[in-house]
Structure formats: structure tokens, C-alpha cells
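Read off the chains here:
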Amino acid sequence: MISLNSCQISNKKSEYLNKRKIINDPVYGFITIPTELIFDLIEHPSFQRLGRIKQLGLTYLVYPGAQHTRLQHALGAMHLMAQTLEVLRSKGTEITNEEAEAVTIAILLHDVGHGPISHTLEKLVVNGISHEELSIRIMEKINSEFGGQLSLALEIFKGNYQRNFCINLYQVNLIWIV
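Here the structure is a predicted model, which is why all the values come from computation and not from measurement.

Teacher, can you tell me more about the packing of helix 6 (residues 131-145) against helix 7 (residues 151-158) here?
For the pair helix 6 and helix 7, interaxial distance at closest approach is 10 Å and the crossing angle is 165°. It follows from the interaxial angle that helix 6 and helix 7 lie roughly antiparallel. Seen from above, helix 6 lies across helix 7 with left-handed handedness. Contacts from Glu132, Ser135, Ile136, Met139, Glu140 and Asn143 in helix 6 reach Ser151, Ala153, Leu154, Phe157 and Lys158 in helix 7. Classifying every residue of the contact of helix 6 with helix 7 gives five nonpolar, three polar and three charged.

What exactly am I supposed to notice about the pairing of strand 4 (residues 29-32) here?
One face of the sheet, then the other: side chains in a regular strand alternate in exactly this way. Where strand 3 (residues 22-25) meets strand 4, four bridges bridge the pair, whose relative direction is antiparallel. Considered in strand 4, the bridge of Ile23 is made with Ile31. Counted between consecutive antiparallel strands, the loop separating strand 3 from strand 4 contains three residues.

Even after reading the chapter, I still don't get the pattern of salt bridges, so can you show me in this structure?
Summed over all chains, the structure comprises four salt bridges. Linking Glu145 and Lys141 is a salt bridge whose minimum nitrogen-to-oxygen distance equals 2.6 Å. With a gap of four residues between them, Glu145 and Lys141 both fall in helix 6, about one helical turn apart. Of the residues examined, Glu145 reaches a relative accessible area of 44% and is grouped as partly exposed.

What is the right way to read the side chain of His114 from this model?
One can find His114 in the loop between helix 4 (97-108) and helix 5 (122-125). Exposure remark for His114: the relative accessible area of 1% places this residue in the buried category. For His114, the side chain forms a polar contact with the side chain of Arg70, separated by 3.3 Å.

It is not clear to me how the packing of aromatic side chains should be interpreted in this structure. Could you clarify?
Aromatic ring pairs are described here by two measures, namely the spacing of the ring centres and the angle between the planes. Taken as a whole and assessed by the stated rule, the structure comprises zero aromatic pairs. Over the face of the ring belonging to Tyr60 we find Lys54, whose NZ or CZ atom lies 4.5 Å from the ring centre.

Help me understand the confidence of the model for the protein chain in this model?
Low-confidence regions, as indicated by low pLDDT, have predicted coordinates that should not be scrutinised in detail. Summing up the model confidence of the protein chain, the mean pLDDT is 81 and the portion of residues at 70 or higher is 76%. In the predicted structure, residues 5-14 sits below a pLDDT of 50 and forms 15 contacts with residues beyond four places in sequence or in another chain. Low pLDDT, under 50, characterises residues 172-178; the stretch is placed with eleven contacts to residues that sit more than four places away or in other chains.

So what exactly am I meant to see when it comes to the nonpolar core here?
Most often, soluble globular proteins have nonpolar side chains that are buried together. Grouped together as the largest cluster of nonpolar side chains are 38 residues, with contacts concentrated most on Leu41, Phe47, Leu108 and Leu109. Counting only elements with at least two residues in this core, the list comes to helix 1 (36-43), helix 3 (70-90), helix 4, helix 6 and helix 7. Filtering out sequence-adjacent residues up to four positions away, Leu108 remains in contact with Ile38, Leu41, Ile42, Phe47, Ala74, Leu75 and Met78.

Looking at this model, I keep getting lost on the environment of Ser130. Mind explaining?
With respect to the secondary-structure elements, Ser130 resides in the loop between helix 5 and helix 6. The spatial distance from the C-alpha of Ser130 to the C-alpha of His114 is 8.6 Å, given a sequence separation of 16 residues.

What counts and what doesn't
- Once a new chain begins, its residue numbering starts again from 1 and follows that chain's sequence as written.
- This being a predicted model, a pLDDT of at least 70 is required before a residue's local features are given, and a value of 80 or more before pairs of side-chain atoms are given or counted; all residues contribute to the totals for chains, interfaces and linings.
- Working from all heavy atoms in the structure, the side-chain values ignore hydrogens and water.
- Geometry is summarised by axes, namely lines fitted to C-alpha atoms with helices restricted to the contacting stretch, and by angles between N-to-C directions that run from 0 to 180 degrees.
- Comment: elements are numbered from the N terminus, with helices defined as DSSP H or I runs of at least four residues and strands as E runs of at least two.
- The labels follow the angle: roughly parallel below 35 degrees, roughly antiparallel above 145, roughly perpendicular from 65 to 115, and oblique for the rest.
- By convention, the crossing between two helices is left-handed when the near helix turns anticlockwise from the far helix through less than a right angle, and right-handed when the turn is clockwise.
- Pairs of residues are marked as contacts when any of their non-hydrogen atoms sit within 4.5 Å.
- Gly is put with the polar residues, along with every residue not named as nonpolar or charged; the nonpolar set is Ala, Val, Leu, Ile, Met, Phe, Trp, Tyr, Cys and Pro, and the charged set is Asp, Glu, Lys and Arg.
- Pairs of strands are assigned from DSSP output, requiring at least two bridges between the strands.
- When a carboxyl oxygen of Asp or Glu lies within 4 Å of a side-chain nitrogen of Lys or Arg, that pair is called a salt bridge.
- Only protein chains enter the accessibility calculation, which uses a 1.4 Å probe; a residue is then buried when its area is under 20% of its type maximum, exposed when over 50%, and partly exposed in between.
- Think of a polar contact as two N or O atoms within 3.5 Å of one another; within protein, one of them needs to be a possible hydrogen donor and the other a possible acceptor, and neighboring residues in sequence only count if both atoms come from side chains.
- Two aromatic rings from Phe, Tyr or Trp, using only the six-membered ring of Trp, form a pair when their centres are within 6.5 Å; if the ring planes differ by under 30 degrees the pair is stacked, by over 60 it is edge-to-face, and anything between is tilted.
- Placement of a positive charge over a ring is assigned whenever Lys NZ or Arg CZ falls within 6 Å of the ring centre and within 35 degrees of the normal to the ring plane.
- The predictor rates its confidence in each residue with pLDDT, a number between 0 and 100.
- In this description, a nonpolar core means a group of buried Ala, Val, Leu, Ile, Met, Phe, Trp, Tyr and Cys residues linked to one another through side-chain atoms lying within 4.5 Å.

Here you go:
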């Protein structure tokens, strides 16, 4: 499990918590955490539990090297989103910092509703509710805990934010299942 528990540096006036971290990912190399809010979301127990959920289900039983977790997958997706935003901005697409953070949060938390062994047990663990719906419920709970800071990310995730660079992440996840 990746945990980013920070080293606290004390000084006479206050404590400083360094939230500007770099993660060395086995697939993408160095991944930068872009904002303090995203750092706090990565540290959240609902996200950290993804480190115990296998991305590839039971595949590791046949291929012992297939040990990728949902947490690693989410961090990789966040990294790819950062690259995507950089390319879009370089081609003249206007994206505010608020929009960039929100779409990054949406992609980071897109699988937060997954249960044990990923898709393998999805229909057995919670009958009649997809992991996308669970992701929305968990994101709404986290949004409440964070004082509404994830509201735009939720709009983007649900496909209710109409900008050309945004896609409906909820629908994209459903397409993968179908």
C-alpha cells in the first residue's frame, strides 16, 4: 500500500506539513501530486483502501507478476490526466486551475467504489449497485467531509459539466463494463 504520511517539520511559529510529494510509480516513473487538496484525498481512508483491491482481479493466480492495485491504477490515471491537461493547454484550450483540479480529482476517485477483487465479485458484494454508483456515493460523503471542495469534480464525474475537455467519466466506466 502506498501511504504518503508526511514528515512534519516544526518551527517556533507553527508546524509545516509538506504536501508536495512525488511518487515513484512502477509504470509511469515519477508522479507529482499537483495540489494540497489532492494530497489530502490520497491520504483519505476511502482512497487508501484501494491499495488492498486488486486491479486485475484473480489474474495474479495465473500470472504471479500481475500485482497492480486500484490505488496504483488511480494514481496512474491522475498522472495521465495531468499530461492530458498539459497538452490541451499547450494547444490553446482554456482550462482554469479550478477545472484542472476538479477533473484530476474526478479521475483520481473514479474507482473509489470498487469492492474486493475488483470486478470479479462486484455483483456479489452489493447486489444491484455498480461500483460507479458506489464511487459517486463515496465521493459525495468525502465532499461533505471536505466542505464541498469536490462539488465540481462530482459534476464532471457525473457528466453534468459541459466543457469540451470534459468527458462523462461515469459513462466511460459503464462502457468498460459492457
